[in-house]
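# Coordinate inspection notes
Listed below, chain by chain, are the residues.
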Amino acid sequence: MRWFGFGFNAFGQIRVHEKLMEGARGDAANDVKVSGPTELASKADRRGCCCLKTACQIRASWSRRASLHFDSDSCVCLAGFVSSEAWSGLPLRESRGCRDALISESCLTLAFSDRLESWDLQKEEKTPSWSMEITPPPESSGPSVGLPLVPGGYIATKPPLYRSLSPQLRAKSLALSSEHAILLSASGAVYTWGLGSHGQLGHGGLSSEEEPRAVEALLGMPMSCIATGSWHTVCISDGGDLYVWGWNESGQLGLPSRGLRKALQQQSSQQTGALHQDVGTSPAEGPQEGEQHEEVFISIQAFPALLDITPSCEIRSVSCGCRHTAAVTTTGDLYTWGWGDYGQLGHQTLISSDEPQRVEFFREQQMQVADVVCGSWNTFAAVVKDEVSCS
């Protein structure tokens, strides 16, 4: 399995700058935007210490990427912004034997079989800034869960790091933004809580919730996967349907966005105006009164909405960035939509879109996408060779 990345790259999270290799971080701005899928590399790759082609998973924040390797001696490698060379590139000695990891702008949290450790990435401490012993649940209690879920609760994005959860929720997975949370129960029910100012909780209003509350619009439809951006939320049903809600200012829900259309029109008008100025003609008049077709735009979607992707397909996994979304189909195609100013949609442009579009690069390279992980302003895709195309 190989990993590719695209989008925000100011700190070398995707493609390491030669200047960074030499320790000169100041010239990173020349390679901030990666608009097309690029195979991941790190300083450690070139030293032969941290190979991304082994079985691994990616965790991402705004300025960092953590590669969690699953081999005989599992470990974590970091790429992107680090305040100390001790955290950069090489497999972290402190992570040996860990089973899962979370990365944020302030810390790296590691899950071991018997404990949790949080390391402050802004300091050069020799001991974790926070730790907690845990008792693994018995195997008979069901499948194991991953971070941010831990036995009895979850790891939050800000102190206090450990928050308890009612065992009645029977949490299967959990996704967190800085202000709200979405939980998937073992029965497929969806719960949300936290800030609701942009409809991101899916309860039909803009109110916040202190405690987990079931999303009533989804009751009776078991869900299999959940994800959240800064102000929007998505989930996948057992049948592969995609439901979206929350803020849509940048088209991150895949629904018509007035703000996005206006921005695109302004860009187009500026380009057209410059062209007509060059040739000494006037822009063509717009549609006359009565000729315009009314289009419904959605800024906030406070209830879950079924998102249709053309051509019709089933969704297997989904991930959200700050204001963009990426989804993998059961046939191995990757679709992206939303804010694209840093190339995080992977279409070889910096254009945003409120319509899901397939990332053609992987089809052209006869690759199938197996998984997708979004950082705040970038996207990472795990791919395998398309055996059908090769046969």
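## Here we look at the pattern of salt bridges
Using the criterion set out here, one finds 11 salt bridges in the structure. One salt-bridge network, held together by shared partners, links Asp333, Arg358, Glu360 and Arg363.

## Points about the nonpolar core
One finds Trp3, Leu334, Phe362, Val369 and Phe380 to be the most contacted residues of the largest nonpolar core, which totals 24 residues. Contributions of two or more residues to this core are made by β1 (2–8), β3 (56–60), β22 (324–329), α4 (360–364), β25 (367–374) and β26 (378–385). Core analysis: the second largest hydrophobic core is formed by 18 residues, Ile236, Leu253, Leu307 and Ile315 among them.

## Digging into the packing of aromatic side chains
Under the criterion given, the structure shown has 15 aromatic pairs. On the basis of an interplanar angle of 85° and a centroid distance of 5.4 Å, the ring pair of Trp339 and Trp377 is categorised as edge-to-face. Note that Trp339 is positioned in the loop between β23 (334–338) and β24 (353–358) and Trp377 in the loop between β25 and β26, a separation of 38 residues in sequence. A residue is classified by how much of its surface remains accessible, and Trp339, at 9% relative accessible area, is buried. A relative accessible area of 22% places Trp377 in the partly exposed class. Seen from their ring centres, Phe361 and Phe362 are 5.3 Å apart, and the 85° between their planes marks the pair as edge-to-face. Accessibility expressed as a relative area gives 2% for Phe362, which makes it buried. Members of the aromatic cluster, connected to one another through ring pairs, are Phe8, Phe11, Trp62, Phe81, Trp339, Tyr342 and Trp377.

## Comments concerning the sheet that holds strand β11 (residues 153–155)
Spatial strand order, β10-β11-β12: three strands in an open sheet with antiparallel pairing. Of all the strands in the sheet, just β10 (149–150) and β12 (162–164) have a single pairing partner and so form its edges. Sheet topology places β11 next to β12; three bridges connect them, and they run antiparallel. Paired with Ile155 across the bridge in β12 is Tyr162.

## Description of the sheet that holds strand β20 (residues 300–307)
In space, the four strands of this open sheet follow the order β17-β18-β19-β20, with antiparallel pairing throughout. Two strands lie at the open edges of the sheet, namely β17 (223–228) and β20, each paired on one side alone. When the angles between neighbouring strand axes are averaged without regard to direction, this sheet yields 15°. Relative to strand β18 (residues 232–237), β17 runs antiparallel, the two sharing five bridges. Bridged to Ile226 within β18 is Cys235.

## A closer look at unusual backbone geometry
At the junction of Leu147 and Pro148, the peptide bond is cis and its omega measures out at 10° in the coordinates. Mapped onto the fold, Pro148 is located in the loop between β9 (130–133) and β10. In this structure, Pro311 follows Thr310 across a cis peptide bond, with omega equal to 0°. Unusually for a residue other than glycine, Arg170 sits at a positive phi of about 50°. Checked against the element boundaries, Arg170 lands in the loop between β12 and β13 (171–176). The class of Arg170 is exposed, set by a relative accessible area of 51%. Positive phi is not limited to glycine here, since Gln366 has a value of about 55°. On the secondary structure map, Gln366 appears in the loop between α4 and β25. Overall, Gln366 belongs to the partly exposed group, its relative accessible area being 34%.

## A word on the state of the cysteines
Using the criterion set out here, one finds zero disulfides in the structure. We note that Cys98 lacks a disulfide partner, and the nearest cysteine sulfur, in Cys75, lies 7.3 Å from it.

## Quick notes on the confidence of the model for the protein chain
When pLDDT drops low, the exact placement of atoms in the prediction is not to be read closely. Mean pLDDT over the protein chain works out to 87, with 81% of the residues at or above the 70 mark. Low pLDDT (under 50) marks residues 20–24, which in the prediction has eight contacts with non-local residues, meaning those over four places away or in another chain. Across residues 278–288, where pLDDT falls below 50, the model places four contacts with residues more than four positions away in sequence or in other chains.

Cut-offs and rules
Residues numbered from 1 in each chain as written. Predicted model: local features only at pLDDT ≥ 70, side-chain atom pairs only at ≥ 80, totals over all residues. Heavy atoms only, no water. Salt bridge = Lys/Arg side-chain N within 4 Å of Asp/Glu carboxyl O. Core = buried A, V, L, I, M, F, W, Y, C linked by side-chain atoms within 4.5 Å. Buried < 20%, exposed > 50% of the residue type's maximum accessible area, 1.4 Å probe, protein only. Helix = DSSP H or I, 4+ residues; strand = E, 2+ residues; numbered from the N terminus. Phe/Tyr/Trp six-rings, centres within 6.5 Å; stacked < 30°, edge-to-face > 60°. Pairing = 2+ DSSP bridges. Axes fitted to C-alpha atoms, helices over the stretch in contact; angles between N-to-C directions. Disulfide = S-S within 2.5 Å. pLDDT = per-residue confidence, 0-100. Contact = heavy atoms within 4.5 Å.

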